[in-house]
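# Results of the structural survey
Chain residues, written in single-letter form:
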Amino acid sequence: MKVRREDSTVNGLDWLPDTSYISTGTSKIVTEQGIIPTLATVRTFPLQNNVFKKFCYEIPVDRTRKYLIRTTYYYGGVNGNDNPPVFDQIVDGTLWSVVNTTEDYVSGNLSYYEGVFMPTGKKLSVCLAANTYTDSDPFISALEVVLLWDQLYNSTDFRAYGLSLVARHNFGYDGPVIGYPDDQFNRYWEPFGLDAFPQSSSQNRAVSGIWNLPPPNVFQTKLARSLVEPLTLLWPPFPLQSSELYYIALYFADSQISASRSSRTIDITINGVAYYNNLTVTPAGIVVFANQWPLGGITNLTLTPAPGSTVGPLINAGEVFQVLPAGGKTLPRDVIAMINLKRSFQNPPADWNGDPCLPSRYSWTGVTCSEGPRIRIVTL
């Protein structure tokens, strides 16, 4: 959905006005010339007297399914400050991430955050919230909520965890970001490493059986060694938070010509630790993944020809997500009672949306909650 007053279609995607999904905030127009339609308006939320209060979109969902959520931000100077504010974003009861768009905005770029979450109820809440480091009104340009097929990222228990995108790249590719319609779920596959051993192919490989369903386009380029020697990538291309766990998926497919003439088998290490040994790359394609792999700082991904391999290693694409423990939810009967109470008010507090108690520092105005594994409202 988009912060607009009417429906619109951009690049084949239908965008809805956000007014049916949120009851607070102010719509503002970004006055820059030549801006793309999805960035032309923002919704802002008042900072004054609202530190540690959340403002939430609520979207009807199927609570048994998982969803891709993407928030997009382009400041456009709407608050009058030179730099955009820094604030938090929340999904249901889970503190998703800090939103810091300053570096992108100074470079003239938008910022986006993407995650995969399972709702805790019949409505999915996506919230923005001011913290102590927020110096002007939080804002948002666009929100996407996409139903994912059950097979995608199906090794993760989304009742216990969420995934927050760190990097998703098409290796050896230098074109525009790949999204919809090539990726039916509109995941963004960014270009990476054209100047690092690129080898491009125009063959349409019949890749099948990869349950994360990467778009076929990502198998048209690769990073590869022509000699039987290791290929090392600094990827993701920036330092990661230490002492965190990450979901990693790496995608490979050989060409029919290469596969008919040779054997391509790879040993994979990450920061010197064995990730997967004796991976045979075929034209049908394959993904190797880890659900919770510890990373921190700079990451070295090394692909080494395994003993007996007659050609060098290759890689087509990769994804890395930070694994987020789910924040839980308030006892359902307490939530129902609070929703009924809210409906009885003519002007309920603006932050009475989303989970009443979670995350713990973002409970509703006037609400005190218990701690521990069973979250209840104790005073009002």
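Residues numbered from 1 in each chain as written. Predicted model: local features only at pLDDT ≥ 70, side-chain atom pairs only at ≥ 80, totals over all residues. Heavy atoms only, no water.

### Thoughts on the pairing of strand β20 (residues 273–280)
Bridge count between strand β19 (residues 265–270) and β20: 5 bridges; the pairing is antiparallel. Within β20, the position partnered with Ile268 by the bridge is Tyr276. The loop that links β19 with its antiparallel partner β20 comprises 2 residues; one of these, Asn271, has a positive phi angle of about 55°. (Pairing = 2+ DSSP bridges. Helix = DSSP H or I, 4+ residues; strand = E, 2+ residues; numbered from the N terminus.)

### Side note on the sheet that holds strand β4 (residues 41–44)
Strand order in the open sheet formed by 3 strands is β3-β4-β11, and the pairing between neighbours is antiparallel. The two strands at the open ends of the sheet, each matched to only one other strand, are β3 (26–29) and β11 (139–140). Pairing geometry for β4 and β11, over 2 bridges, is antiparallel. The residue of β11 that forms the bridge with Thr44 is Phe139.

### Topic: the sheet that holds strand β10 (residues 123–129)
On the basis of which strands lie adjacent, the open sheet formed by 4 strands has the order β5-β10-β7-β8 and antiparallel pairing. The open sheet has two edge strands, β5 (54–60) and β8 (94–99), and neither has a second partner. On average, each strand axis in the sheet is tilted by 20° relative to the strand beside it, whichever way the strands run. Strand direction decides the pairing type here: strand β7 (residues 87–91) and β10, joined by 4 bridges, are antiparallel. (Axes fitted to C-alpha atoms, helices over the stretch in contact; angles between N-to-C directions.)

### A look at the state of the cysteines
In protein chemistry, a disulfide is the covalent bond that joins the sulfur atoms of two cysteines. Applying the stated criterion across every chain yields a total of 2 disulfides. The partner cysteine of Cys56 in its disulfide is Cys127, sulfur to sulfur 2.1 Å. As the torsion about the S-S bond is roughly 100°, the Cys56-Cys127 disulfide counts as right-handed. With Cys56 in strand β5 and Cys127 in strand β10, this residue pair connects regions lying 71 residues apart in the sequence. Classification of Cys56 by relative accessible area gives buried; the value is 2%. Here the cysteine-cysteine linkages of the chain are recorded as 1-2, 3-4, numbering only bonded cysteines and doing so in sequence order. (Disulfide = S-S within 2.5 Å. Buried < 20%, exposed > 50% of the residue type's maximum accessible area, 1.4 Å probe, protein only.)

### Remarks on the UniProt feature "domain: Leucine-rich repeat-containing N-terminal plant-type" (unreviewed entry) in the chain
In the numbering used here, UniProt assigns the "domain: Leucine-rich repeat-containing N-terminal plant-type" (unreviewed entry) feature to residues 332–370. Within residues 332–370, the helical portion is 33% and the strand portion 5%, while the C-alpha atoms at the span's ends are 14 Å from each other. (UniProt positions renumbered as here; feature names shortened; annotations may be inferred.)

### Some words on the pattern of salt bridges
Per the stated rule, a full pass over the model turns up 10 salt bridges. Note that Asp18 is salt-bridged to Arg43, the shortest N-O span being 2.7 Å. With Asp18 in the loop between β2 (13–15) and β3 and Arg43 in strand β4, this residue pair connects regions lying 25 residues apart in the sequence. Given a relative accessible area of 1%, Asp18 falls into the buried group. On the basis of relative accessible area, Arg43 is assigned to the buried category, the value being 7%. The shortest N-O distance in the salt bridge between Glu144 and Arg70 comes to 3.0 Å. Taken together, the positions of Glu144 in strand β12 (residues 142–147) and Arg70 in strand β6 (residues 67–73) put the pair 74 residues apart, joining distant regions of the chain. The class for Glu144 is buried, based on a relative accessible area of 7%. Residue Arg70 is classed as buried on the basis of its relative accessible area, which comes to 0%. A cluster of three or more residues bridged by salt bridges with shared partners is formed by Arg70, Glu114, Glu144, Arg168 and Glu319. (Salt bridge = Lys/Arg side-chain N within 4 Å of Asp/Glu carboxyl O.)

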